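The primary structure of each chain is shown beneath.
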Amino acid sequence: MALAQVSSNKCSGGYQKVFEHDSTELKCKMKVAVYLPPKAENEKCPVFYWLSGLTCTEQNFITKAGSQQAASEHGIIIVAPDTSPRGCNIEGEDESWDFGTGAGFYVNATQEPWKTNYCMYTYVTEELPRLINANFPADPEKMSISGHSMGGHGALICALKNPGKYKAVSAFAPICNPIQCAWGQKAFSGYLGEDKKTWEAYDATVLAASYSGPQLDILIDQGRDDQFLSASQLLPDNLIAACSEKKIPVVFRLQPGYDHSYFFIYSFITDHIKHHAKFLNA
């Protein structure tokens, strides 16, 4: 699977690169950002996958989060894909900011006209790791996953649906219980249809309630002044209750004064990379 380099910038001793490739899962060209720490010049490194939120591309995290310094220090490759297929010429794909382009929700769509291209779940969990492992000095046994908002939802479901695949998981302001919030209901009805039973396969709260894998240590940061928290789009309490019931360790930090923006992510990304490094470099 050929990767074409779009850009490369020296950063924190390593290189922040962006590549383009033809995705077999999504049937379109996709961009993916890859940070290679200095350690990657000489040996294999663990990989931290980052999933961004609604309206984002591969650019938001690499230009705003300030993750490269900590990744450099801990010898971790960071992989940040786009958030949806692009340019598939599907009717309605650009009509709203919270569905279609930039809003793949990390599910495998089962409904027309989305099911041909909108297979972000398999793209993130299978195609992308194959691509990264084949083209970079990545240790295939050491992966972790994180994300923000819609991407926090994505990170949580990828970890909960694949026990043992990811060594650690964390999230910033994740959509924790999408079947109970407006964003999730809109996306899931469009991508997955009206049978709400099928939605449960992509809901972190439901998945946590039935999780039976190796211990998964979850770190979640949530801004107390996040407008989407007060609008009941994120519902972290539901996930925490499910994890508590199943004795899944969760460190949940409600951060006073912080909102939903990348200023919030920038403020705590180093803590998250340290959390991942503890398990990836064990």
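Residues numbered from 1 in each chain as written. Predicted model: local features only at pLDDT ≥ 70, side-chain atom pairs only at ≥ 80, totals over all residues. Heavy atoms only, no water.

The name given to the chain in an unreviewed UniProt entry is S-formylglutathione hydrolase, with Salvelinus namaycush as the source organism. We quote the UniProt Sequence similarities (unreviewed entry) comment for the chain here in full: "Belongs to the esterase D family." Check the Catalytic activity (unreviewed entry) section of the UniProt entry for the chain; it says "S-formylglutathione + H2O = formate + glutathione + H(+)". (UniProt positions renumbered as here; feature names shortened; annotations may be inferred.)

## So, the packing of aromatic side chains
Geometry of an aromatic ring pair is reported as the spacing of the ring centres plus the angle between the planes. Counted by the stated rule, this structure contains 17 aromatic pairs. Relative to F228, the ring of W183 lies with its centre 4.7 Å away and its plane at 45 degrees, an arrangement referred to as tilted. Taken together, the residues W183 in helix α5 (residues 182-192) and F228 in helix α8 (residues 227-230) connect sequence positions 45 residues apart. A relative accessible area of 5% places W183 in the buried class. Among the residues examined, F228 registers a relative accessible area of 21% and is labelled partly exposed. Each residue in the set W50, F61, F172, Y258, F264 and F268 is aromatic and connected to the rest through ring pairs, giving one cluster. Just above the ring of Y15 sits the side chain of K17; from NZ or CZ to the centre is 5.3 Å. For K161, the ring lying beneath its charged end belongs to Y202, and the centroid distance is 4.9 Å. (Phe/Tyr/Trp six-rings, centres within 6.5 Å; stacked < 30°, edge-to-face > 60°. Helix = DSSP H or I, 4+ residues; strand = E, 2+ residues; numbered from the N terminus. Buried < 20%, exposed > 50% of the residue type's maximum accessible area, 1.4 Å probe, protein only. Lys NZ or Arg CZ within 6 Å of the ring centre and 35° of its normal.)

## Considerations on the pattern of salt bridges
Under the criterion given, the structure shown has 7 salt bridges. Of the charged contacts, one joins D22 and K29 as a salt bridge, the two residues approaching to 3.0 Å between their closest N and O atoms. What makes D22 partly exposed here is its relative accessible area of 46%. Note that E200 and K197 form a salt bridge whose closest N and O atoms lie 3.1 Å from each other. On the basis of relative accessible area, E200 is assigned to the partly exposed category, the value being 26%. A single network of salt bridges, built from pairs that share partners, joins D221, R253 and D271. (Salt bridge = Lys/Arg side-chain N within 4 Å of Asp/Glu carboxyl O.)

## What to know about the pairing of strand β3 (residues 28-36)
Burial analysis of β3 places 7 of its 9 residues in the buried class, the great majority of the element. Taken together, the 9 bridges between strand β2 (residues 14-23) and β3 define a ladder with antiparallel strand orientation. If you follow S23 over to β3, its bridge partner there is C28. In this sheet, strand β5 (residues 77-81) lies alongside β3 in antiparallel orientation, the contact comprising 4 bridges. In the sheet register, Y35 faces β5, and the bridge partner there is I78. (Pairing = 2+ DSSP bridges.)

## Here we look at the pairing of β5
Regular strands place their side chains on alternate faces of the sheet. Of all 5 residues in β5, 5 are buried; the element is thus mostly enclosed. Across the two faces of β5 the burial is the same, with I77, V79 and P81 and I78 and A80 all buried.

## Looking at the nonpolar core
Grouped together as the largest cluster of nonpolar side chains are 95 residues, with contacts concentrated most on W50, F61, F105, I132, I145, F188 and Y191. Top element by residues in this core is helix α10 (residues 262-280). It accounts for 8 residues. What F105 contacts, discounting residues up to four positions off in sequence, is L54, D98, M150, H153, I175, W183, G184, A187, F188 and Y191. (Core = buried A, V, L, I, M, F, W, Y, C linked by side-chain atoms within 4.5 Å. Contact = heavy atoms within 4.5 Å.)

## Looking at the side chain of N162
Tracing the sequence through the fold places N162 in the loop between α4 (150-161) and β7 (169-172). Engagement of the side chain of N162 in a polar contact is seen with the side chain of Y121, the distance being 2.8 Å. Sequence-distant contacts of N162, that is, excluding residues within four places in its chain, are made with Y121 and T125. (Polar contact = N/O pair within 3.5 Å; in protein donor to acceptor, adjacent residues only side chain to side chain.)

## Notes on unusual backbone geometry
Only a minority of non-glycine residues have a phi that is not negative, and only a minority of peptide bonds are not trans. Geometrically, the link from E112 to P113 is a cis peptide bond, its omega value of -5 degrees lying close to zero. Structurally, P113 is set in the loop between β5 and α3 (120-135). Positive phi, close to 50 degrees, is recorded for S12, a residue that is not glycine. As for its placement among the helices and strands, S12 is situated in the loop between β1 (4-11) and β2. Taking the relative accessible area as the measure of exposure, S12 reaches 27% and is therefore partly exposed. Phi at S149 is positive, roughly 60 degrees, even though this residue is not glycine. Along the chain, S149 turns up in the loop between β6 (138-148) and α4. The class of S149 is buried, set by a relative accessible area of 3%.

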